[in-house]
Amino acid sequence: MSATPDKLRVALVGCGRIGAHTSAAVRAACPPGWLPLNHAEAILATPGLQLVAVCDTEAARAEATAKELGVSRWFTDYRKLIEEIQPALLSVATRTEGRCDIIEFAATHGVKGIHAEKPLGRSRAECQRALRSVKEHGVQLSYGTTRRYMDAYREALRRFAAGSYGTLQQITLDFGRSALLWTHPHSVDLAVFFSGAREVEFVQATCAIPPEAVQGQVVDADPKVENAFIQFANGVRATLTCAGGLHAHLAGEHGTLTVGADGSWLETNRKATADAAYPLAHERWLPAAAMSGTQRAFADLAAAVRSGDPLGITPEEISLGCDLLFAIVWSSLRGGQRVSLAEIPADLTVTGRAGALFA
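Notes on the structure in this doc start here. (Residues numbered from 1 in each chain as written. Predicted model: local features only at pLDDT ≥ 70, side-chain atom pairs only at ≥ 80, totals over all residues. Heavy atoms only, no water.)

**Points about the overall build of the protein**
Here's step 1: Along the backbone of the protein there are ten helices and 19 strands.
Here's step 2: Sorting the 359 residues of the protein into buried and exposed places 55% on the buried side.
Here's step 3: Surface accessibility of the protein: about 14800 Å² in total, with carbon and sulfur atoms responsible for 52%.
Here's step 4: Separation of charge centres in the protein, based on 35 positive and 37 negative side chains, amounts to 2 Å. (Helix = DSSP H or I, 4+ residues; strand = E, 2+ residues; numbered from the N terminus. Buried < 20%, exposed > 50% of the residue type's maximum accessible area, 1.4 Å probe, protein only. Areas by Shrake-Rupley, 256 points an atom, 1.4 Å probe, with all protein chains shown as cover. Lys, Arg positive; Asp, Glu negative; His and termini not counted. Charge placed at Lys NZ, Arg CZ, Asp CG, Glu CD.)

**Section: the sheet that holds strand 9 (residues 214-215)**
Here's step 1: Spatially, three strands are ordered 9-10-17 in an open sheet, and the strand pairing comes out mixed. Each of the sheet's edge strands pairs with one partner strand only, and the pair in question is strand 9 and strand 17 (349-350).
Here's step 2: Where strand 10 (residues 218-219) lies against strand 17, two bridges are found, and the strand directions are parallel. For V218, the partnering residue across the bridge sits in strand 17 and is T349. (Pairing = 2+ DSSP bridges.)

**Side note on the pattern of salt bridges**
Here's step 1: Applying the stated criterion across every chain, the model contains 21 salt bridges.
Here's step 2: A salt bridge links E316 to K135, with the nearest nitrogen and oxygen atoms 2.7 Å apart. Here E316, found in helix 10 (residues 315-333), pairs with K135, found in helix 6 (residues 124-136); they are 181 residues apart in sequence, far enough to count as distant.
Here's step 3: In this structure E316 comes out as partly exposed when scored by relative accessible area, which is 39%.
Here's step 4: A salt bridge links R296 to D151; the shortest N-O distance between them is 2.8 Å. In this pair, R296 sits in helix 9 (residues 293-307) while D151 sits in helix 7 (residues 151-161), placing the two residues 145 residues apart along the sequence. D151 carries the same exposure label as R296, and that label is buried. (Salt bridge = Lys/Arg side-chain N within 4 Å of Asp/Glu carboxyl O.)

**A few points about the side chain of R124**
Here's step 1: Mapped onto the elements, R124 comes out in helix 6.
Here's step 2: Take R124: its relative accessible area is 11%, and that puts it in the buried class.
Here's step 3: In this structure the side chain of R124 is engaged in a polar contact, spanning 3.4 Å, whose partner is the backbone oxygen of I344.
Here's step 4: Each residue touching R124, except ones within four places of it in the same chain, is listed here: D323, F326, L341, I344, P345, A346 and L348. (Polar contact = N/O pair within 3.5 Å; in protein donor to acceptor, adjacent residues only side chain to side chain. Contact = heavy atoms within 4.5 Å.)

Right, here's the structure in full:
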């Protein structure tokens, strides 16, 4: 199938839940700004894109998804898809294992833009390898840390940057006692997104890791993060807590701003005047969502491929987010000691296994 004029050809690798099939239960629970959530629906909802092929290692699922989406070509080998279809954009919605291989192959075989799900990889070495390939070949890469693309979080960043809250001092992220690779790519990316930092002084964290899951530099589990503290080199601190609610709190010298309940609302408490004793001026508002985070990621990616302008997320930011995940595990394995990113072994591997499932 050839794309119509002025449309970019897009191919999807991975036809599972995040690739093409959002359950009814998830749809019903999603706050504003989250739908369309899966890659296929986001691609189909974005003007200027044409989904031309899908791929899955299970032939029956690939064929059924292609039929469901009205796509004529389906594959079980991503290499064959890329070589035959030569898409401008590639959506990578697979499980984590092998994802970096797909990114590297796509980057070296003519794909211009890639949107890859989180986490990027299972070891620091493979993440760096994939990101190095993307940079060397001038490929635009967006990432499945959906919140940074959502209007609520972008509005919070814009409002805080306007200055009335004072200098950002602390970021607190309430994502519950949740799994490192399944959930916390989102929290560490928000810490990077809001802090604007590119360097880290240290990370200190504790995780629940079954002792039998640790064999050398391999953690055959998806550790539950109990707490984590990140000291950025620009002075901003970020804390990941066990509290629920999926809230992101930004604290400055003159007030606080909270993105609550996964972007459902924004709340501010500010000093009425710079010399006021307490931040008592209170406001809550509901953000308008022009499009979902997943859809905006594809829209931004397409615009960057067409213009050659940089994306709102850089390979360096993605790399930093990946490093923070491994630093959290490494600190926990070292008894909760402070660790620098330079200390993390390149071959430290977290499989993401949780029971019978993998991230």
